[in-house]
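# Tertiary structure, described
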Amino acid sequence: MRLDEYLEFETNERAERRRLAREKDYGILDHLDSFERRFEAEVSDDAVVGSVSPSIFVGRSDYPNVSTGLLSPVGREERAASFRTSGAWYDEGVSIADVFERRTSLLNANRGVDVNDAGIGGEPGVHDAWDGWLGVQREVAIADRPVDVEIGLDGTPDLDFEVGVEDVKTPTGPRAAARDASLGENPHVPRPVKKTLEDDDWRAEGAMTYLYRRGFDVYAINTILSAGALGRGEDRRLVPTRWSITAVDDTVGTYLRGSIRDAPSIDRIEVHRNEYLGNAFWVVLVPGNWEYELVELKAPGSIWNPDPDAGVYLAAASEGREGRTGYVEETAGAYYAARLGVLEHLHERGRQAKVLVCRHVSDDYWGPVGVWQVREAVRNAFAGEHGTAETFGEAVRGVTEHLPISLGRLRRKSTMAAGLQANLADFAGRDE
């Protein structure tokens, strides 16, 4: 499909998606009111809660002294699997309000742990923890389905539904200090996961790649890593959830980049697009050896640029054929999540390319849902139709027509776009 035809088609689709999103997003207010009443009726002080835990959470505040939690949808056990973050959320078409509802419906029963010697009250450290609090948490993390648990609470759960710009880990439900926990069943653990646990000499990076090649998605792998269940013997540590997500995206992405290093290049310029939860992604593939750049445009009034008078905020990060040597600060986890989606596509095709990804965060993105939406939007950008262009300049100019900045400003921020020859018209008419 010619680039101009593709862009017109996508403009019409975007308008309809925005209309549907506006109709759904206010339901979260009613949910919070009803959930608070239901939760207070079912959970009392110092209660023993019988539930089903689909996942765990490891905090990062005060690291290495962290909070480790078992997450459970009290009163909604029959739907426990749907509360675990995964690519299925994209397939369901969940809205921001849907994500908030699921996150705030999870009880986070937690205890404090030092990740460097993660024994609690005489319990074993994390590297050999199969009993007690850490043992239950690890069993939940390595299981391939939600696990029946009983959790003893110490005190009154804290119902705190305030969500601010700094709450980057996405909104959470009620929190309660936990006395103890026990399993209500023997969890089902896939054989490849057992293999990584049994090998005390296997570095974490190699174990992550092994699981990915055996068909495990990054969501399952980062939960296992977070529980301290990967790596060499006594080097195993609890890993804060947010860090584990980026670590797995980076490690798997590095493996995929290596797999296409000697692959032939694509033979023409392609423009792919997808939009989800107020985030629009433009992916431009250009013939040549692997290069990658993510440019983020955050609209005034969006969650990460809340001042309506601030103008569009730009951030960018890139890598060449050999990858990066340091962590990306400016675009953070989104960089690795988007890169993974692109590399999976190129790996599947057996090709390599130069890649420019533009992410436009509009003011429709009113609440943080996590980088999973970046990963899934880019993964799915390659489904269906795409546009083609004769030159990189034509592709970038076509994309910029649908962004709230001029080509001139994009060229000043983007390493890949900076090489384009410009004329005066490229600097006019939009946010400078």
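Structure shown above.
Summarised in this report is the structure supplied together with it. (Residues numbered from 1 in each chain as written. Predicted model: local features only at pLDDT ≥ 70, side-chain atom pairs only at ≥ 80, totals over all residues. Heavy atoms only, no water.)

### Side note on the overall build of the chain
The helix and strand inventory of the chain stands at 13 helices and twelve strands. The buried share of the chain, reckoned over its 432 residues, is 55%. Relative to all contacts within the chain whose residues are 6 or more apart in sequence, the contacts with residues 24 or more apart total 73%. Summed over all atoms, the accessible surface of the chain reaches about 18700 Å², with 45% contributed by carbon and sulfur. (Helix = DSSP H or I, 4+ residues; strand = E, 2+ residues; numbered from the N terminus. Buried < 20%, exposed > 50% of the residue type's maximum accessible area, 1.4 Å probe, protein only. Contact = heavy atoms within 4.5 Å. Areas by Shrake-Rupley, 256 points an atom, 1.4 Å probe, with all protein chains shown as cover.)

### As for the pattern of salt bridges
Under the defined criterion, the tally for this structure stands at 19 salt bridges. A salt bridge links Glu296 to Arg359, with the shortest nitrogen-to-oxygen separation between them at 2.6 Å. One end of the pair, Glu296, is in strand 9 (residues 291–298); the other, Arg359, is in strand 11 (residues 354–361), with 63 residues separating them in the sequence. Here Glu296 and Arg359 have matching classes, each one buried. Within the structure, one salt-bridge network assembled from shared partners comprises Asp217, Glu344, Glu376 and Arg379. (Salt bridge = Lys/Arg side-chain N within 4 Å of Asp/Glu carboxyl O.)

### A look at the nonpolar core
In this structure, Leu230, Leu285, Val342, Leu346, Val355 and Trp372 are the most contacted members of the largest nonpolar core, which totals 64 residues. Of the residues forming this core, the biggest block, nine residues, is contributed by helix 10 (residues 332–349). (Core = buried A, V, L, I, M, F, W, Y, C linked by side-chain atoms within 4.5 Å.)

### Observations concerning the sheet that holds strand 8 (residues 279–286)
Hydrogen bonds between backbone groups are what pair the strands of a sheet, and the pairing can be parallel or antiparallel. Pairing within the open sheet is mixed, and its six strands lie in the order 10-9-11-8-7-12. Each having just a single partner strand, strand 10 (313–319) and strand 12 (387–389) make up the two edges of the open sheet. Pairwise comparison of adjacent strand axes, ignoring direction, gives a mean angle of 15° for this sheet. Inspection of the sheet shows strand 7 (residues 269–276) paired to strand 8 by seven bridges, in the antiparallel sense. Paired with His272 across the two strands is Val283, which belongs to strand 8. (Pairing = 2+ DSSP bridges. Axes fitted to C-alpha atoms, helices over the stretch in contact; angles between N-to-C directions.)

### Section: the packing of helix 9 (residues 241–259) against helix 10
As a packed pair, helix 9 and helix 10 sit with axes 9 Å apart at the nearest point and diverge in direction by 35°. Two packed elements cross with a definite hand, and for helix 9 against helix 10 that hand is left-handed. Of the residues in helix 10, those in contact with Thr246, Asp249, Asp250, Val252, Gly253, Thr254, Leu256, Arg257 and Ser259 of helix 9 are Gly333, Tyr336, Ala337, Arg339, Leu340, Leu343, Glu344 and His347. Taken together, the residues that form the contact of helix 9 with helix 10 break down as six nonpolar, six polar and five charged. (Left-handed = near helix turned anticlockwise from the far one by under 90°. Nonpolar A, V, L, I, M, F, W, Y, C, P; charged D, E, K, R; others polar.)

By themselves, these figures tell us nothing about what the structure is for.
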